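The chain contents come next:
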Amino acid sequence: MLSSISPLGERARASRWWVTTTAYVLGSLVGGLALGGLFGLLGSVVPDSVRSSPWALGLAAALLLLGLALDLRLGGLSLPSWRRQVDEQWLTRYRGWVYGVGFGAQLGFGLVTIITSSTTYAVALLALLSGSPGAGLLLGGVFGLVRALPSVLMAGVRDRAGLHRIFSTVEKWANPAEVIARVALAAGTVALGVAAVGS
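The residue numbers shown here count from 1 along each chain, following its written sequence. With the structure being a predicted model, the display of local features is reserved for residues of pLDDT at least 70 and the display and counting of side-chain atom pairs for 80 or more, all residues being used for whole-chain, interface and lining totals. The side-chain numbers reported here are obtained from all heavy atoms of the structure, hydrogens and water having been left aside.

**Student:** Describe in detail the layout of surface pockets, supporting the description with residues and values.
**Tutor:** Size it by volume and the largest pocket reaches roughly 2,000 Å³. Here the lining of the largest pocket gets 13 residues from one element, more than from any other, and that element is helix α9 (residues 160-198). Throughout, the ten residues Ala, Val, Leu, Ile, Met, Phe, Trp, Tyr, Cys and Pro are labelled nonpolar, Asp, Glu, Lys and Arg are labelled charged, and all others, Gly among them, are labelled polar. Here the residues of the lining of the largest pocket sort into 29 nonpolar, 13 polar and seven charged. Both site types are read off a 1 Å grid over the protein atoms alone. A 1.4 Å probe that fits but cannot get out defines a cavity, while an open set with protein on both sides within 12 Å along at least five of seven lines defines a pocket; lining residues have an atom within 4 Å of a point. Grid points are joined across faces, edges and corners, and a volume is the space filled by probe spheres set on the points. Roughly 220 Å³ of internal volume is contained in the second largest pocket. In terms of lining residues, the second largest pocket is bounded by 14 residues, among which L63, G67, S118, Y121 and A122 are the most central. Comment: elements are numbered from the N terminus, with helices defined as DSSP H or I runs of at least four residues and strands as E runs of at least two.

Put into structure tokens, the structure is as follows:
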């Protein structure tokens, strides 16, 4: 998305970057809220005794561990995912705020485009386990917002050199971000495992 919605690209399409980016961030937030709220609501219809049972917590821990293994590509396996991406034809077909909201909502919801990390599935699973639409909204909202925030880095881009600097910065932070996601999955696995044994 960084290459699609940049100040240079928006200028070329006679759109205002800040309008499109605001729409994108809000769309991603709403998409994340929808993801978390939906799974929190689904979890709320499951009795507490089932959601907090040792086998349910153990299964959730095993799923997070599987996600971590898939992210690490252990055994040559890869994460199950759609092959679908957002439709880039929207960039020339619609106004900036329209494709901003559309792209953001799809990426914030996370499950309707290419899934590159099992943290997307983990958010849905944890919202389900919470059994609370409110907790699900909180989880999903943070997820959607964090997914969109890198687009704000484009604010100071005025030329191609600035664009390349941002891409380099994002590339530099890609590996640390992966490590943080994997540590979070590992911590979640341990926490759920301990909860399963403790219950």
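**Student:** Lay out the environment of L126 in plain terms, naming residues and giving numbers.
**Tutor:** Along the chain, the position of L126 falls in helix α7 (residues 119-130). Exposed residues in this analysis have more than 50% of their type's maximum accessible area, buried residues have under 20%, and partly exposed residues fall in between, with area computed by a 1.4 Å probe over protein chains only. Residue classification places L126 among the partly exposed residues on the basis of a relative accessible area of 32%. Along the backbone, L126 and L26 are 100 residues apart, and their C-alpha atoms lie at a distance of 23 Å. Note on contacts: a residue pair is in contact if any heavy atoms of the two residues lie within 4.5 Å. Setting aside its immediate chain neighbours within four residues, L126 contacts L139 and L192.

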